[in-house]
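Now for the letters of each chain:
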Amino acid sequence: MINITGLRMKNPTILAAGIMGTTGAALVRMAHEGAGAVVTKSIGPQPKDGHSNPSMVKLDHGYLNAMGLPNPSYGAFLPELEKAKHKAGVPVIASIFGGNADEFRKVAEGLIPGKPDAFELNVSCPHAMGYGASVGTDPVMVKSVTSAVSEITDLPVWVKLTPNVTDIVTIGKAAQEGGADAVVAINTVRGMTIDIHSGYPVLGNRFGGLSGEAIRPVAVKCIYDLYDNLDIPIIGVGGVSTWQHAVEMVMAGASALQIGSAVYEGTNVFSNISEGINRFLKEYGYANIEDITGIAHERF
(Lines give C-alpha, C1' and ligand atoms only; values in the text may rest on other atoms or scores of the structure.)
Protein backbone atom coordinates (compact mmCIF):
# COMPACT_ATOMS: atom_id res chain seq x y z
CA MET A 1 0.00 0.00 0.00
CA ILE A 2 1.36 3.45 -0.93
CA ASN A 3 0.11 6.98 -0.45
CA ILE A 4 0.42 9.58 -3.22
CA THR A 5 -0.96 13.07 -2.50
CA GLY A 6 -3.36 11.53 0.00
CA LEU A 7 -4.56 8.78 -2.35
CA ARG A 8 -4.13 5.29 -0.93
CA MET A 9 -3.14 2.82 -3.65
CA LYS A 10 -2.62 -0.93 -3.40
CA ASN A 11 0.43 -0.67 -5.69
CA PRO A 12 2.32 2.11 -7.55
CA THR A 13 0.97 1.35 -11.04
CA ILE A 14 -1.56 3.74 -12.60
CA LEU A 15 -3.41 3.58 -15.91
CA ALA A 16 -2.25 6.60 -17.93
CA ALA A 17 -4.69 9.05 -19.50
CA GLY A 18 -5.86 8.28 -23.02
CA ILE A 19 -5.55 4.48 -22.79
CA MET A 20 -8.69 2.47 -21.99
CA GLY A 21 -10.16 5.47 -20.21
CA THR A 22 -12.98 6.49 -22.51
CA THR A 23 -15.75 4.71 -20.59
CA GLY A 24 -16.48 3.82 -17.01
CA ALA A 25 -16.50 0.14 -17.92
CA ALA A 26 -13.00 0.33 -19.42
CA LEU A 27 -11.65 2.09 -16.33
CA VAL A 28 -13.21 -0.55 -14.10
CA ARG A 29 -11.66 -3.30 -16.21
CA MET A 30 -8.17 -1.81 -15.84
CA ALA A 31 -8.65 -1.52 -12.09
CA HIS A 32 -9.66 -5.17 -11.93
CA GLU A 33 -6.60 -6.07 -14.02
CA GLY A 34 -4.41 -4.78 -11.20
CA ALA A 35 -3.92 -1.03 -11.65
CA GLY A 36 -3.44 0.76 -8.35
CA ALA A 37 -5.33 3.78 -9.76
CA VAL A 38 -6.80 4.81 -13.10
CA VAL A 39 -6.82 8.08 -15.07
CA THR A 40 -9.65 8.94 -17.45
CA LYS A 41 -9.34 10.05 -21.04
CA SER A 42 -8.73 13.79 -21.11
CA ILE A 43 -12.06 15.61 -20.91
CA GLY A 44 -12.64 19.16 -22.12
CA PRO A 45 -15.21 21.95 -22.08
CA GLN A 46 -17.08 20.91 -25.22
CA PRO A 47 -17.45 17.84 -27.46
CA LYS A 48 -14.47 17.29 -29.73
CA ASP A 49 -14.14 14.81 -32.60
CA GLY A 50 -10.37 14.74 -32.70
CA HIS A 51 -8.19 14.33 -35.78
CA SER A 52 -9.01 12.31 -38.87
CA ASN A 53 -7.65 8.79 -39.33
CA PRO A 54 -5.07 7.38 -39.46
CA SER A 55 -4.65 8.63 -35.90
CA MET A 56 -2.28 5.96 -34.58
CA VAL A 57 0.53 3.85 -36.01
CA LYS A 58 2.79 1.22 -34.44
CA LEU A 59 6.52 1.76 -34.89
CA ASP A 60 9.52 -0.44 -34.12
CA HIS A 61 9.88 0.83 -30.55
CA GLY A 62 6.58 2.45 -29.70
CA TYR A 63 3.55 4.20 -31.12
CA LEU A 64 2.88 7.48 -32.87
CA ASN A 65 -0.57 8.94 -32.29
CA ALA A 66 -2.49 12.08 -33.11
CA MET A 67 -5.90 11.53 -31.55
CA GLY A 68 -6.55 15.24 -31.11
CA LEU A 69 -8.21 15.02 -27.68
CA PRO A 70 -11.54 13.50 -28.81
CA ASN A 71 -14.07 13.58 -25.95
CA PRO A 72 -17.81 14.02 -25.34
CA SER A 73 -17.40 17.07 -23.00
CA TYR A 74 -17.48 17.05 -19.22
CA GLY A 75 -21.28 16.98 -19.02
CA ALA A 76 -21.64 13.89 -21.19
CA PHE A 77 -18.72 12.13 -19.48
CA LEU A 78 -20.06 12.60 -15.96
CA PRO A 79 -22.05 9.30 -15.95
CA GLU A 80 -18.93 7.39 -17.03
CA LEU A 81 -16.94 8.94 -14.19
CA GLU A 82 -19.68 8.02 -11.73
CA LYS A 83 -19.70 4.43 -13.02
CA ALA A 84 -15.94 4.15 -12.60
CA LYS A 85 -16.07 5.59 -9.09
CA HIS A 86 -18.85 3.17 -8.11
CA LYS A 87 -17.19 -0.02 -9.36
CA ALA A 88 -13.42 0.45 -9.77
CA GLY A 89 -12.43 0.09 -6.14
CA VAL A 90 -9.28 2.18 -6.73
CA PRO A 91 -8.67 5.95 -6.97
CA VAL A 92 -10.09 7.46 -10.16
CA ILE A 93 -8.27 10.55 -11.44
CA ALA A 94 -10.07 12.83 -13.90
CA SER A 95 -7.80 14.10 -16.68
CA ILE A 96 -9.01 17.48 -17.92
CA PHE A 97 -7.97 20.05 -20.50
CA GLY A 98 -8.88 23.53 -21.64
CA GLY A 99 -7.47 26.45 -23.58
CA ASN A 100 -7.19 28.79 -20.62
CA ALA A 101 -7.68 29.00 -16.85
CA ASP A 102 -11.42 29.63 -17.10
CA GLU A 103 -11.98 26.51 -19.21
CA PHE A 104 -9.93 24.35 -16.85
CA ARG A 105 -11.93 25.68 -13.91
CA LYS A 106 -15.22 25.09 -15.72
CA VAL A 107 -14.41 21.47 -16.53
CA ALA A 108 -13.16 20.73 -13.02
CA GLU A 109 -16.30 22.23 -11.45
CA GLY A 110 -18.44 20.23 -13.86
CA LEU A 111 -16.80 16.93 -12.92
CA ILE A 112 -16.71 17.43 -9.13
CA PRO A 113 -20.24 15.94 -8.77
CA GLY A 114 -18.80 12.69 -10.17
CA LYS A 115 -16.48 12.57 -7.12
CA PRO A 116 -13.10 11.99 -8.76
CA ASP A 117 -10.27 11.33 -6.33
CA ALA A 118 -7.97 13.85 -8.03
CA PHE A 119 -7.58 15.96 -11.15
CA GLU A 120 -4.79 15.60 -13.69
CA LEU A 121 -4.32 18.73 -15.79
CA ASN A 122 -3.37 17.94 -19.37
CA VAL A 123 -1.10 20.80 -20.38
CA SER A 124 1.05 18.55 -22.52
CA CYS A 125 -0.77 16.91 -25.45
CA PRO A 126 1.50 17.74 -28.42
CA HIS A 127 -1.02 17.61 -31.27
CA ALA A 128 -4.20 19.52 -30.29
CA MET A 129 -4.08 23.11 -31.50
CA GLY A 130 -4.88 25.59 -28.73
CA TYR A 131 -4.78 22.96 -26.00
CA GLY A 132 -2.25 20.72 -24.26
CA ALA A 133 1.31 21.76 -25.03
CA SER A 134 0.04 25.06 -26.44
CA VAL A 135 -0.68 25.85 -22.77
CA GLY A 136 2.02 23.74 -21.15
CA THR A 137 5.04 25.33 -22.83
CA ASP A 138 4.28 28.66 -21.14
CA PRO A 139 5.12 28.71 -17.40
CA VAL A 140 2.80 31.66 -16.80
CA MET A 141 -0.13 29.75 -18.31
CA VAL A 142 0.77 26.58 -16.42
CA LYS A 143 0.78 28.44 -13.12
CA SER A 144 -2.49 30.15 -14.03
CA VAL A 145 -4.46 27.00 -14.94
CA THR A 146 -3.06 25.12 -11.95
CA SER A 147 -4.12 27.91 -9.61
CA ALA A 148 -7.55 28.08 -11.21
CA VAL A 149 -8.27 24.42 -10.43
CA SER A 150 -6.51 24.35 -7.06
CA GLU A 151 -8.60 27.29 -5.86
CA ILE A 152 -11.96 25.58 -6.44
CA THR A 153 -11.26 22.13 -4.98
CA ASP A 154 -9.59 20.40 -2.08
CA LEU A 155 -8.88 17.38 -4.27
CA PRO A 156 -5.26 16.69 -5.22
CA VAL A 157 -4.22 18.41 -8.45
CA TRP A 158 -1.64 16.72 -10.66
CA VAL A 159 -0.12 18.51 -13.64
CA LYS A 160 1.04 16.44 -16.62
CA LEU A 161 4.12 18.02 -18.17
CA THR A 162 5.32 18.11 -21.75
CA PRO A 163 8.90 17.12 -22.66
CA ASN A 164 8.68 19.35 -25.74
CA VAL A 165 10.31 22.30 -24.00
CA THR A 166 13.85 23.56 -23.50
CA ASP A 167 13.67 23.23 -19.70
CA ILE A 168 11.00 21.04 -18.09
CA VAL A 169 12.09 22.14 -14.61
CA THR A 170 10.84 25.68 -15.29
CA ILE A 171 7.42 24.29 -16.19
CA GLY A 172 7.42 21.97 -13.17
CA LYS A 173 8.22 24.86 -10.85
CA ALA A 174 5.38 26.88 -12.37
CA ALA A 175 2.96 24.04 -11.64
CA GLN A 176 4.24 23.77 -8.07
CA GLU A 177 3.90 27.53 -7.56
CA GLY A 178 0.34 27.31 -8.87
CA GLY A 179 -0.57 24.83 -6.15
CA ALA A 180 0.01 21.45 -7.82
CA ASP A 181 0.17 18.52 -5.42
CA ALA A 182 2.21 16.45 -7.90
CA VAL A 183 3.53 16.52 -11.45
CA VAL A 184 3.25 13.74 -14.01
CA ALA A 185 6.26 13.38 -16.32
CA ILE A 186 6.12 12.98 -19.24
CA ASN A 187 3.59 13.15 -22.06
CA THR A 188 4.51 12.08 -25.59
CA VAL A 189 7.37 13.49 -27.66
CA ARG A 190 6.54 15.22 -30.95
CA GLY A 191 7.22 12.97 -33.93
CA MET A 192 6.31 12.17 -37.50
CA THR A 193 6.47 9.28 -39.96
CA ILE A 194 6.21 9.34 -43.77
CA ASP A 195 5.19 6.63 -46.21
CA ILE A 196 8.17 6.46 -48.57
CA HIS A 197 6.11 4.89 -51.39
CA SER A 198 3.65 7.76 -51.67
CA GLY A 199 5.54 10.55 -49.94
CA TYR A 200 2.53 11.28 -47.71
CA PRO A 201 2.72 11.65 -43.94
CA VAL A 202 1.13 8.56 -42.41
CA LEU A 203 -0.94 10.30 -39.73
CA GLY A 204 -4.03 12.24 -40.70
CA ASN A 205 -2.71 15.17 -38.67
CA ARG A 206 0.76 14.78 -40.28
CA PHE A 207 2.56 14.76 -36.91
CA GLY A 208 1.73 13.33 -33.51
CA GLY A 209 3.13 12.17 -30.20
CA LEU A 210 5.65 9.35 -29.82
CA SER A 211 5.08 6.99 -26.90
CA GLY A 212 6.44 3.64 -25.75
CA GLU A 213 9.91 2.25 -25.24
CA ALA A 214 11.65 4.84 -27.44
CA ILE A 215 10.91 7.72 -25.07
CA ARG A 216 11.78 6.06 -21.76
CA PRO A 217 15.31 7.55 -21.51
CA VAL A 218 13.78 10.99 -22.12
CA ALA A 219 11.27 10.40 -19.33
CA VAL A 220 13.94 9.16 -16.92
CA LYS A 221 16.07 12.27 -17.48
CA CYS A 222 13.07 14.59 -17.02
CA ILE A 223 12.09 12.84 -13.78
CA TYR A 224 15.67 13.00 -12.54
CA ASP A 225 15.87 16.75 -13.17
CA LEU A 226 12.46 17.46 -11.63
CA TYR A 227 13.29 15.48 -8.50
CA ASP A 228 16.28 17.73 -7.86
CA ASN A 229 14.19 20.89 -8.09
CA LEU A 230 10.64 20.24 -6.84
CA ASP A 231 9.18 19.65 -3.40
CA ILE A 232 6.15 17.68 -4.63
CA PRO A 233 5.90 14.06 -5.81
CA ILE A 234 6.57 13.03 -9.38
CA ILE A 235 4.51 10.37 -11.12
CA GLY A 236 6.66 8.84 -13.87
CA VAL A 237 5.29 7.88 -17.28
CA GLY A 238 6.79 7.15 -20.67
CA GLY A 239 7.80 3.75 -21.98
CA VAL A 240 7.23 1.65 -18.86
CA SER A 241 6.40 -1.95 -19.81
CA THR A 242 8.41 -4.05 -17.30
CA TRP A 243 9.17 -3.95 -13.59
CA GLN A 244 12.78 -3.13 -14.44
CA HIS A 245 11.63 0.00 -16.28
CA ALA A 246 9.49 0.92 -13.28
CA VAL A 247 12.35 0.51 -10.80
CA GLU A 248 14.56 2.67 -13.00
CA MET A 249 12.01 5.50 -12.96
CA VAL A 250 11.56 5.23 -9.21
CA MET A 251 15.31 5.42 -8.72
CA ALA A 252 15.29 8.59 -10.86
CA GLY A 253 12.73 10.12 -8.51
CA ALA A 254 9.23 8.86 -9.34
CA SER A 255 6.88 7.98 -6.48
CA ALA A 256 4.50 6.03 -8.73
CA LEU A 257 4.28 4.96 -12.38
CA GLN A 258 1.70 5.45 -15.08
CA ILE A 259 1.42 2.86 -17.82
CA GLY A 260 0.01 3.63 -21.26
CA SER A 261 1.26 2.07 -24.47
CA ALA A 262 2.23 -1.21 -22.76
CA VAL A 263 -1.46 -1.90 -22.14
CA TYR A 264 -1.80 -2.62 -25.86
CA GLU A 265 0.51 -5.60 -25.39
CA GLY A 266 -1.48 -7.04 -22.49
CA THR A 267 -3.62 -5.79 -19.63
CA ASN A 268 -1.76 -7.97 -17.13
CA VAL A 269 1.06 -5.43 -17.27
CA PHE A 270 -0.08 -3.78 -14.01
CA SER A 271 0.09 -6.93 -11.92
CA ASN A 272 3.31 -8.06 -13.61
CA ILE A 273 5.04 -4.78 -12.81
CA SER A 274 3.78 -4.46 -9.23
CA GLU A 275 4.74 -8.07 -8.44
CA GLY A 276 8.17 -7.55 -10.00
CA ILE A 277 8.78 -4.42 -7.93
CA ASN A 278 7.87 -6.31 -4.76
CA ARG A 279 10.27 -9.14 -5.62
CA PHE A 280 13.04 -6.62 -6.29
CA LEU A 281 12.49 -4.82 -2.98
CA LYS A 282 12.52 -8.10 -1.07
CA GLU A 283 15.64 -9.38 -2.86
CA TYR A 284 17.64 -6.24 -2.08
CA GLY A 285 16.32 -5.81 1.44
CA TYR A 286 14.30 -2.62 0.98
CA ALA A 287 11.26 -2.15 3.20
CA ASN A 288 9.17 -0.27 0.66
CA ILE A 289 9.30 1.69 -2.60
CA GLU A 290 10.08 4.92 -0.76
CA ASP A 291 13.47 3.43 0.13
CA ILE A 292 14.56 3.53 -3.52
CA THR A 293 12.78 6.69 -4.64
CA GLY A 294 15.46 9.03 -5.99
CA ILE A 295 18.31 6.73 -4.95
CA ALA A 296 20.16 7.45 -8.20
CA HIS A 297 20.82 10.97 -6.90
CA GLU A 298 23.07 9.46 -4.25
CA ARG A 299 25.03 7.30 -6.70
CA PHE A 300 27.47 9.62 -8.42
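The structure contained in this document is the topic of the report that follows. (Residues numbered from 1 in each chain as written. Predicted model: local features only at pLDDT ≥ 70, side-chain atom pairs only at ≥ 80, totals over all residues. Heavy atoms only, no water.)

### A few points about the pattern of salt bridges
Next, step 1: Under the counting rule described, the total for this entry stands at five salt bridges.
Next, step 2: When the shortest N-O distance is used, the salt bridge between E248 and R216 registers 3.3 Å. In this pair, E248 sits in helix α8 (residues 243-252) while R216 sits in helix α7 (residues 216-229), placing the two residues 32 residues apart along the sequence.
Next, step 3: On the accessibility criterion, E248 (36% relative accessible area) is partly exposed.
Next, step 4: Residue classification places R216 among the buried residues on the basis of a relative accessible area of 14%.
Next, step 5: Put simply, R299 and E298 hold a salt bridge, and the shortest N to O gap is 3.5 Å. Exposure class is identical for R299 and E298. Each is exposed. (Salt bridge = Lys/Arg side-chain N within 4 Å of Asp/Glu carboxyl O. Helix = DSSP H or I, 4+ residues; strand = E, 2+ residues; numbered from the N terminus. Buried < 20%, exposed > 50% of the residue type's maximum accessible area, 1.4 Å probe, protein only.)

### Some thoughts on the packing of helix α1 (residues 24-32) against helix α2 (residues 74-87)
Next, step 1: With their axes 7 Å apart at the nearest point, α1 and α2 run at an angle of 25° to one another. On the basis of the axis angle, α1 is roughly parallel to α2. Seen from above, α1 lies across α2 with right-handed handedness. Touching G24, A25, L27, V28 and H32 of α1 are E80, K83, A84 and K87, all from α2.
Next, step 2: By residue class, the composition of the contact of α1 with α2 is four nonpolar, two polar and three charged. (Axes fitted to C-alpha atoms, helices over the stretch in contact; angles between N-to-C directions. Parallel < 35°, antiparallel > 145°, perpendicular 65-115°, else oblique. Left-handed = near helix turned anticlockwise from the far one by under 90°. Contact = heavy atoms within 4.5 Å. Nonpolar A, V, L, I, M, F, W, Y, C, P; charged D, E, K, R; others polar.)

### Section: the packing of helix α6 (residues 168-177) against α7
Next, step 1: Direction vectors running N to C along α6 and α7 enclose 50°, while the axes themselves pass 9 Å from each other. What the angle tells us is that α6 and α7 run oblique. α6 and α7 meet at a crossing whose hand is right-handed. In contact with I168, V169, G172 and K173 of α6, α7 contributes C222, D225, L226 and N229.
Next, step 2: Tallied by class, residues from the contact of α6 with α7 come to four nonpolar, two polar and two charged.

### Let's talk about the sheet that holds strand β7 (residues 92-96)
Next, step 1: Strands sit in the order β3-β4-β7-β8-β9-β10-β13-β14 around a closed barrel of eight strands; the barrel is parallel. Each adjacent strand pair in this sheet contributes to an overall mean axis angle of 25°, direction not counted.
Next, step 2: Where strand β3 (residues 13-15) and strand β4 (residues 37-39) come together, two bridges link them in parallel fashion. If you follow I14 over to β4, its bridge partner there is A37.
Next, step 3: Helix-sheet contacts for helix α5 (residues 139-150) involve β7, β8 (118-122) and β9 (157-160), and the interaxial angle to β9 is about 155°. (Pairing = 2+ DSSP bridges.)

### Considerations on the sheet that holds strand β12 (residues 207-211)
Next, step 1: Pairing is antiparallel in the open sheet, where four strands are placed in the order β5-β6-β12-β11. Each edge of the open sheet is held by one strand with a lone partner, namely β5 (56-59) and β11 (189-192). The sheet shows a mean angle of 35° between the axes of neighbouring strands, taken without regard to direction.
Next, step 2: Across four bridges, the pairing between β11 and β12 is antiparallel. Across the sheet, the residue bridging to R190 is G209, located in β12.

### Digging into the side chain of N187
Next, step 1: Structurally, N187 can be placed in the loop between β10 (182-185) and β11.
Next, step 2: Judged by its relative accessible area of 11%, N187 falls in the buried class.
Next, step 3: A distance of 2.9 Å separates a polar atom in the side chain of N187 from a polar atom in the side chain of S124.
Next, step 4: A polar contact of 3.4 Å, which involves the side chain of N187, links it to the side chain of T188. (Polar contact = N/O pair within 3.5 Å; in protein donor to acceptor, adjacent residues only side chain to side chain.)

### Observations regarding the nonpolar core
Next, step 1: Grouped together as the largest cluster of nonpolar side chains are 94 residues, with contacts concentrated most on V38, I96, L111, W158 and L226.
Next, step 2: For this core, the element with the most residues is helix α9 (residues 269-284), which contributes six residues.
Next, step 3: Once you skip the residues sitting within four places of it in the chain, V38 turns out to touch I14, L15, L27, M30, A31, V90, P91, V92 and I93.
Next, step 4: Listed in part, the five residues of the second largest apolar core include L69, F97, C125 and Y131. (Core = buried A, V, L, I, M, F, W, Y, C linked by side-chain atoms within 4.5 Å.)

### Topic: a nonpolar patch on the surface
Next, step 1: There is a patch of nonpolar side chains on the surface, built from M56, M67 and Y264 and spanning about 250 Å² of accessible area.
Next, step 2: Mapping M67 onto the fold places it in the loop between β6 (62-65) and α2.
Next, step 3: Classification of M67 by relative accessible area gives partly exposed; the value is 31%. (Patch = residues over 30% accessible without salt bridge, like charges linked within 9 Å, V, L, I, M, F, W, Y side chains within 5 Å. Areas by Shrake-Rupley, 256 points an atom, 1.4 Å probe, with all protein chains shown as cover.)

### Regarding the packing of aromatic side chains
Centre distance and the angle of the planes are the two values used to describe a pair of aromatic rings.
Next, step 1: Following the criterion strictly, the structure yields four aromatic pairs and no others.
Next, step 2: The interplanar angle of 35° and the centroid separation of 4.7 Å between the aromatic rings of F280 and Y284 together place this pair among those described as tilted. Separated by four residues within a single helix, F280 and Y284 lie in helix α9, roughly one turn from each other.
Next, step 3: A residue is classified by how much of its surface remains accessible, and Y284, at 52% relative accessible area, is exposed.
Next, step 4: Taking 6.4 Å as the distance between ring centres and 20° as the angle between the ring planes, the aromatic pair formed by F280 and Y286 counts as stacked.
Next, step 5: Judged by its relative accessible area of 10%, F280 is buried.
Next, step 6: The exposure class assigned to Y286 is partly exposed, which follows from its relative accessible area of 25%. (Phe/Tyr/Trp six-rings, centres within 6.5 Å; stacked < 30°, edge-to-face > 60°.)

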